Amino acid sequence: MRLNRILLSTLLVVVALVTQVSVLARLNLPGAVPDLLLLVVLGLALVYGHTGGALIGFAAGLLADFAPPADHAAGRYALVLCVIGYLAGLARPETGQLRSATGPMLVVVAAAIGSTLLYAGVGSLVGDDAGGHAGLAELLFTAALYDLLLAPFTVPLIMAVARRTDHDPRVDSTGGTGTGTGGDTGHRWLTPSRRTARGTRLGKAARNGSRGGLLTKGRPTKPGGIKVKGVKRL
């Protein structure tokens, strides 16, 4: 990853984690807690792709695993966000531009449900029952609902900031070099005409020279001197 992506991802992940721990976790909402960290990973993965999404998800999850309020096994949430970031990056459009907001909202709902199921599955495999006090159905419903309500205010903003700070060569090749291409095209339009005019002048001169040579070739020259145009004969 480039330096600008690392700096932006680190800043957004730290701000999201602090906000989630100090504000969202203290709201005492029923069921799950709104996962702002998940939304940050999704927004960046939709811009940077599956590789960047997996790396950012793993780093963000590992940071959340070691945050002071964490009561689960270390690495559990890192694995969840790594998989979710990778899968969300696969949904990135080829052009890098989303045509509607339906796609990201569907990705948010699928990620909220998938992360909850994956978190519970990893916990059952490692014998960690943290977060198992609530029913799975309630957690799935509340996680999808809270993240879906929070997504319109966070995911588009995160994607816009990521695109603005990221240098996408595909965008530059289609829209960013329009002026340069136009300038080259204009130069190419002028160059052949100059060459054609020059070639026409040379062609006329060659034809005139050949005609003059044919005309003077048939004229007999007098012995004892050479007739040179513009010079008097001595």
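Residues numbered from 1 in each chain as written. Predicted model: local features only at pLDDT ≥ 70, side-chain atom pairs only at ≥ 80, totals over all residues. Heavy atoms only, no water.

Draft legend 1. Expanded view of the overall build of the protein chain. When helices and strands are tallied, the protein chain shows seven helices and zero strands. Scored against the burial criterion, the 234 residues of the protein chain give a buried share of 32%. Pairs at least 24 residues apart make up 76% of the contacts formed inside the protein chain by residues separated by at least 6 positions. When the accessible surface of the protein chain is totalled, it reaches about 15,100 Å², and 66% of it is carbon and sulfur. (Helix = DSSP H or I, 4+ residues; strand = E, 2+ residues; numbered from the N terminus. Buried < 20%, exposed > 50% of the residue type's maximum accessible area, 1.4 Å probe, protein only. Contact = heavy atoms within 4.5 Å. Areas by Shrake-Rupley, 256 points an atom, 1.4 Å probe, with all protein chains shown as cover.)

Draft legend 2. Broad picture of the nonpolar core. Judged by nonpolar contacts, the single largest core of 36 residues is most densely connected at Leu37, Leu42 and Tyr77. Put simply, the parts of the chain that give this core at least two residues each are α1 (3-22), α2 (36-65), α3 (76-90), α4 (102-126) and α5 (136-165). The greatest single-element share of this core, amounting to 15 residues, is contributed by α2. Those residues in contact with Tyr77, other than ones at most four positions away along the chain, are Asp35, Leu37, Leu38, Gly61, Ala64, Asp65, His72 and Tyr119. (Core = buried A, V, L, I, M, F, W, Y, C linked by side-chain atoms within 4.5 Å.)

Draft legend 3. Structural detail: the side chain of Ser9. Secondary-structure assignment places Ser9 in helix α1. For Ser9, the side chain forms a polar contact with the main-chain oxygen of Arg5, separated by 2.7 Å. (Polar contact = N/O pair within 3.5 Å; in protein donor to acceptor, adjacent residues only side chain to side chain.)

Draft legend 4. Structural context of unusual backbone geometry. Within the chain, Asn28 stands out as a residue other than glycine whose phi angle is a positive 55°. Assignment of secondary structure puts Asn28 in the loop between α1 and α2.

Draft legend 5. Representation of the packing of α2 against α3. Between α2 and α3, the least distance of the axes is 7 Å, while the angle of their chain directions is 175°. Regarding the angle of α2 to α3, the classification is roughly antiparallel. Classifying every residue of the contact of α2 with α3 gives 19 nonpolar, seven polar and two charged. (Axes fitted to C-alpha atoms, helices over the stretch in contact; angles between N-to-C directions. Parallel < 35°, antiparallel > 145°, perpendicular 65-115°, else oblique. Nonpolar A, V, L, I, M, F, W, Y, C, P; charged D, E, K, R; others polar.)

Draft legend 6. View of α4. With 25 residues, α4 ought to run about 36 Å at 1.5 Å a step, and its terminal C-alpha atoms sit 36 Å apart, in line with that. For α4, every residue scored as buried is listed here: Pro104, Met105, Val107, Val108, Ala111, Ala112, Ser115, Thr116, Tyr119, Val122 and Gly123. Contacts made by the buried residues of α4 are with α2, α3 and α5. (Expected span 1.5 Å × (residues − 1).)

Draft legend 7. Highlighting the confidence of the model for the protein chain. The pLDDT averaged across the protein chain works out to 75; a share of 65% of its residues lies at or above 70. Per-residue pLDDT, averaged within each element of the protein chain, yields its smallest value for helix α6 (residues 169-176) (43) and its largest for α2 (93). Low pLDDT, under 50, characterises residues 170-197; the predicted model gives this stretch seven contacts beyond four residues in sequence or across chains. A low-confidence stretch, residues 213-218 (pLDDT under 50), is modelled with zero contacts involving residues beyond four sequence positions or located in other chains. (pLDDT = per-residue confidence, 0-100.)

Draft legend 8. A look at a nonpolar patch on the surface. A contiguous nonpolar surface patch, about 440 Å² in accessible area, is contributed by Leu79, Val83, Tyr86, Leu87 and Leu90. Here Val83 falls in the partly exposed class, since its relative accessible area comes to 32%. (Patch = residues over 30% accessible without salt bridge, like charges linked within 9 Å, V, L, I, M, F, W, Y side chains within 5 Å. Salt bridge = Lys/Arg side-chain N within 4 Å of Asp/Glu carboxyl O.)

Draft legend 9. Quick look at the side chain of Asp35. Mapped onto the secondary structure, Asp35 falls in the loop between α1 and α2. Summary of buried charges: Asp35 has no salt-bridge partner, and the nearest side chain of opposite charge, Arg76, is 12 Å away. At a separation of 3.4 Å, a polar atom in the side chain of Asp35 contacts the main-chain amide nitrogen of Leu37. With residues near it in sequence (within four places) discarded, Asp35 still touches Gln20, Tyr77 and Asp147. (Lys, Arg positive; Asp, Glu negative; His and termini not counted.)

Draft legend 10. Structural view of the packing of aromatic side chains. Per the counting criterion, the structure on display carries one aromatic pair. Seen from their ring centres, Tyr77 and Tyr119 are 6.0 Å apart, and the 80° between their planes marks the pair as edge-to-face. In this pair, Tyr77 is assigned in helix α3 and Tyr119 in helix α4, connecting sequence segments 42 residues apart. For Tyr77, a relative accessible area of 10% corresponds to the buried category. Exposure remark for Tyr119: the relative accessible area of 19% places this residue in the buried category. For the cation-ring pair, Arg76 lies above Tyr119, with the distance from its terminal atom to the ring centre recorded as 3.7 Å. (Phe/Tyr/Trp six-rings, centres within 6.5 Å; stacked < 30°, edge-to-face > 60°. Lys NZ or Arg CZ within 6 Å of the ring centre and 35° of its normal.)

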